[in-house]
Amino acid sequence: MSAPRLTRTYLAVPAHRARMVQGAAASVADAVFMDLEDAVPPAEKAAALEAAADALTALDWGQKTVAVRLNAIDSPSIQAEIARLGGIHRLDAFIIPKAEAVADVAKIGQWITEAAGSREAPVAMELLIETARGLVNVEVLAAADPLVTALHLGVGDFAASIGARSSEIGASPSGYRHVGSAADGHPSVPLDLFAYPMMRLLVAARAFGLRAIDGPCGAFRDAIATASTAAKAAAMGYDGKQVIHPSQIEPTRNAFIPSDEELAYAERAIAALEEAERNGQGAVTVDGKMVDYANIRMIKRLMSFRGQD
């Protein structure tokens with residue numbers, strides 16, 4: 001089972017950019033990951049690793065979940081990165097990019113355990129599912145090692161992996177967004193390139209007690225796109241979403257917080273079913289809708305986000 005971490009907003013920051021890392025530590029994001037992989041040029045990799053180690057020990061991270069995204073599983077540096085960072089107490093998780101094979105995850109889990117040193121428990125693993133092979137294997141990857149606590153969807157690399165004709169991270173290609181038009185007499189039907197991978201990853205995460213984190217919206221200056229993609233992830237049941245710019249933190253967090261109307265309905269539904277139980281009934285009508293124990297389980301999941309600020 002996953003640790004009870006708060007990860008509605010998971011801010012990505014290049015590990016070698018000191019001011020950005022300091023800003024991330026001071027931000028209101030629930031979680032931060034310092035990146036050693038895609039956001040760091042090859043010539044800066046070694047410096048980024050040392051910068052991440054320094055930031056973990058020198059900065060005040062408050063109550064944030066703090067992670068580091070390692071370099072690729074087949075990179076020559078990943079074992080050294082784990083050895084350098086795996087004993088630092090403030091590090092909560094390693095994010096493993098392009099997770100595809102159980103054997104690789106198990107090997108990394110062994111390296112993390114060996115690097116734990118005086119920590120009470122080894123650093124957790126969060127797997128980044130961002131290829132076709134990774135998605136095909138997501139269920140076995142979710143159960144590959146006890147250190148795995150979360151699954152992330154890597155939307156950019158996943159789109160590239162399947163050959164999607166898109167260059168915008170987190171967005172469906174323009175030709176795939178709608179089918180039909182008023183001109184041909186058919187209603188326009190919205191399509192979402194990520195609906196299937198998001199659901200498959202979510203089901204795997206829930207089946208094995210893991211958190212599910214959606215990938216980022218690359219259009220960070222587009223407030224509507226940021227909010228709508230976050231609302232989609234929250235509505236599906238995700239625990240959070242990566243963000244790539246501080247301006248995305250607030251609208252993304254807000255998407256995961258239930259509205260006053262939702263909470264009011266939840267309280268009415270629970271009270272009505274409790275009254276029905278006292279009368280020997282297992283279902284009741286609230287606001288014209290049937291409510292039974294399945295509804296209450298759904299409502300309790302919604303209400304679990306209420307006290308997270």
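Since the model is a prediction, treat every value here as computed from it, not as a measurement.

With their axes 11 Å apart at the nearest point, helix α8 (residues 195–207) and helix α9 (residues 223–236) run at an angle of 40° to one another. Here α8 is positioned oblique relative to α9, judged by the angle of their axes. Judged by the sense of rotation from one axis to the other, the crossing of α8 with α9 is right-handed. Of the residues in α9, those in contact with Ala-195, Met-198, Met-199 and Leu-202 of α8 are Lys-232, Ala-233 and Met-236. Its residues assigned to classes, the contact of α8 with α9 shows six nonpolar, no polar and one charged.

Bringing the sheet that holds strand β10 (residues 240–243) into the picture now. Taken together, eight strands build a closed barrel; the order of strands is β1-β2-β3-β4-β5-β6-β9-β10 and the barrel is parallel. Within the sheet, the average angular offset between the axes of one strand and its neighbour, ignoring direction, is 25°. Where strand β3 (residues 65–69) and strand β4 (residues 93–96) come together, three bridges link them in parallel fashion. Within β4, the position partnered with Ala-67 by the bridge is Ala-93.

Attention shifts here to the layout of surface pockets. Within this model, the second largest pocket holds a volume of roughly 410 Å³. Every residue lining the second largest pocket is counted, 21 residues in all, and those nearest its centre are Arg-69, Ile-169, Pro-216, Gln-242 and Ile-244. Within the lining of the second largest pocket, the residues separate by chemical class into twelve nonpolar, four polar and five charged.

Counting 66 residues, the largest nonpolar core has Met-34, Val-68, Leu-85 and Phe-94 as the members making the most contacts within it. Per-element accounting of this core gives the leading share, six residues, to helix α2 (residues 45–58). Excluding residues that lie within four positions of it along the chain, Leu-85 makes contacts with Leu-36, Leu-49, Ala-52, Ala-53, Leu-56, Val-68, Leu-91 and Phe-94.

Conventions and cut-offs
Residues numbered from 1 in each chain as written. Predicted model: local features only at pLDDT ≥ 70, side-chain atom pairs only at ≥ 80, totals over all residues. Heavy atoms only, no water. Axes fitted to C-alpha atoms, helices over the stretch in contact; angles between N-to-C directions. Helix = DSSP H or I, 4+ residues; strand = E, 2+ residues; numbered from the N terminus. Parallel < 35°, antiparallel > 145°, perpendicular 65-115°, else oblique. Left-handed = near helix turned anticlockwise from the far one by under 90°. Contact = heavy atoms within 4.5 Å. Nonpolar A, V, L, I, M, F, W, Y, C, P; charged D, E, K, R; others polar. Pairing = 2+ DSSP bridges. 1 Å grid on protein atoms, 1.4 Å probe; cavity = no way out; pocket = protein on both sides within 12 Å on 5 of 7 lines; lining within 4 Å. Points joined across faces, edges and corners; volume = space filled by probe spheres on them. Core = buried A, V, L, I, M, F, W, Y, C linked by side-chain atoms within 4.5 Å. Buried < 20%, exposed > 50% of the residue type's maximum accessible area, 1.4 Å probe, protein only.

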